[in-house]
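Architecture and fold: a report
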Amino acid sequence: MTATEIAPPVTGRPGPAATVSQTLSMAWRQMVRIKHNPFELVDLSLSPVMFLFLFVYVFGGQMAGSTSDYLQYVLGGLIAQNAIFLTMYTGTGINADLRKGVYDRFRSLPIARSAPLAGKIFADLFKQVWSIVIMLGLGLLMGFELRSVSGALLATIAIVVFALAISWVSVLMGVVADSEEKVQIYSFVIIMPLTFTSSAFVDINTMPGFLQAWAKVNPVTHLSDAMRGLLSYGPIAEPLLWTFAWAVGIFVVTAPLAMRAYRRKMV
């Protein structure tokens, strides 16, 4: 075999314990890359700060009569929106690695095929937590009144679980698209309508009737309402249950599709 040839895939399936270990190793590989490219964390920090300042200080007075009142309403929605937007990086990263032949090299290793994809997703969950801390910390400095520390912890768990599910949608797009630009376009086509036709930024009762019907079943509405209830005020149980139900449903549908597309790509 010459140096330019791709090694044949290793046959045999690792057991569950080995798969978990390999996934964690791949996640650690992704984390180490941040050490060599710390600008990633700068980017992850600037975007949520920008959105929070813009929405609160530019739109706050118009939306709620005062910036402080709008901050209490919108922070949970902004955290939800930012988490969904961050999943786009998972798809673009996988697409770039596929085109560069990184996953072809993984085929020659005795690891589970799902390990590189799952490792990338779990590593990106660290970025989710980082952004949540940045937004919540800045919100507190701006005058946000936190309901409880336990509520903030549960809100973080809910965001991570939902982002984990949505990440498989991004993985699917990253595998089937033929460029990073197309992954971004596909992501925006899905993300923008979902976030802006939800309760993330406005009370859905102010929307036209036909749009209210959609907003009430929109998964981002349930996630935003759950964040708002856990962090500030409002109901918690129902939106939180819907959030977890949506997360399970999205994962059950998209994860197998993403893995199937990935296996076809690797043939």
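Keep in mind that what you see is a predicted model, and the values were worked out from it rather than measured.

So, on to the nonpolar core. Among the nonpolar cores identified, the biggest contains 40 residues, and L52, I159 and M227 are the most heavily contacted of them. Elements that contribute at least two residues to this core include exactly α2 (39–64), α3 (67–100), α5 (114–141), α6 (149–176), α7 (180–196), α9 (219–231) and α10 (237–266). The leading source of residues in this core is α3, at 11 residues. Within the second largest apolar cluster, 20 residues are counted, among which are L98, V102, Y262 and M266.

Take α9 next. With 13 residues, α9 extends 18 Å from end C-alpha to end C-alpha; this agrees with the ideal 18 Å at 1.5 Å per step. Among the 13 residues of α9, 12 are classified as buried, and the element is accordingly described as predominantly covered. All of the buried residues in α9 are P219, V220, T221, H222, L223, S224, A226, M227, R228, G229, L230 and L231. Buried residues along α9 sit against α3, α5, α6, α7, α8 (209–217) and α10.

A few words on the confidence of the model for the protein chain. Averaged over every residue, the pLDDT of the protein chain is 86; residues scoring 70 or more account for 92%. At the level of individual helices and strands, the protein chain shows its lowest average pLDDT in helix α4 (residues 102–106), which scores 72, and its highest in α9, which scores 96. Every residue in residues 1–11 is under pLDDT 50, and counting partners more than four places away or in other chains gives 14 contacts.

Time to look at the packing of aromatic side chains. The relative placement of two aromatic rings is captured by the distance of their centres and the angle of their planes. Evaluated as defined, the whole model comprises 8 aromatic pairs. Both rings, one in F53 and one in Y57, keep their centres 5.7 Å apart while their planes meet at 25°; by these two values the pair is stacked. Of this pair, F53 and Y57 both sit in helix α2, 4 residues apart, which is roughly one turn of that helix. Clustering of aromatic rings is evident, with ring pairs tying together F51, F55, F59, F196 and F201.

A few words now on the packing of α6 against α9. Orientation of α6 relative to α9, taken along the N-to-C sense of each, is 160°, at an axis distance of 8 Å. When the axis of α6 is compared with that of α9, the two are roughly antiparallel. Crossing hand, α6 versus α9: left-handed. Where α6 abuts α9, its residues G151, A152, L154, A155, A158, I159 and F162 lie against P219, L223, M227, L230 and L231. When the residues that make up the contact of α6 with α9 are grouped by side-chain class, the tally is 11 nonpolar, 1 polar and no charged.

Quick notes on the rules
- Residues numbered from 1 in each chain as written.
- Predicted model: local features only at pLDDT ≥ 70, side-chain atom pairs only at ≥ 80, totals over all residues.
- Heavy atoms only, no water.
- Core = buried A, V, L, I, M, F, W, Y, C linked by side-chain atoms within 4.5 Å.
- Buried < 20%, exposed > 50% of the residue type's maximum accessible area, 1.4 Å probe, protein only.
- Helix = DSSP H or I, 4+ residues; strand = E, 2+ residues; numbered from the N terminus.
- Expected span 1.5 Å × (residues − 1).
- Contact = heavy atoms within 4.5 Å.
- pLDDT = per-residue confidence, 0-100.
- Phe/Tyr/Trp six-rings, centres within 6.5 Å; stacked < 30°, edge-to-face > 60°.
- Axes fitted to C-alpha atoms, helices over the stretch in contact; angles between N-to-C directions.
- Parallel < 35°, antiparallel > 145°, perpendicular 65-115°, else oblique.
- Left-handed = near helix turned anticlockwise from the far one by under 90°.
- Nonpolar A, V, L, I, M, F, W, Y, C, P; charged D, E, K, R; others polar.

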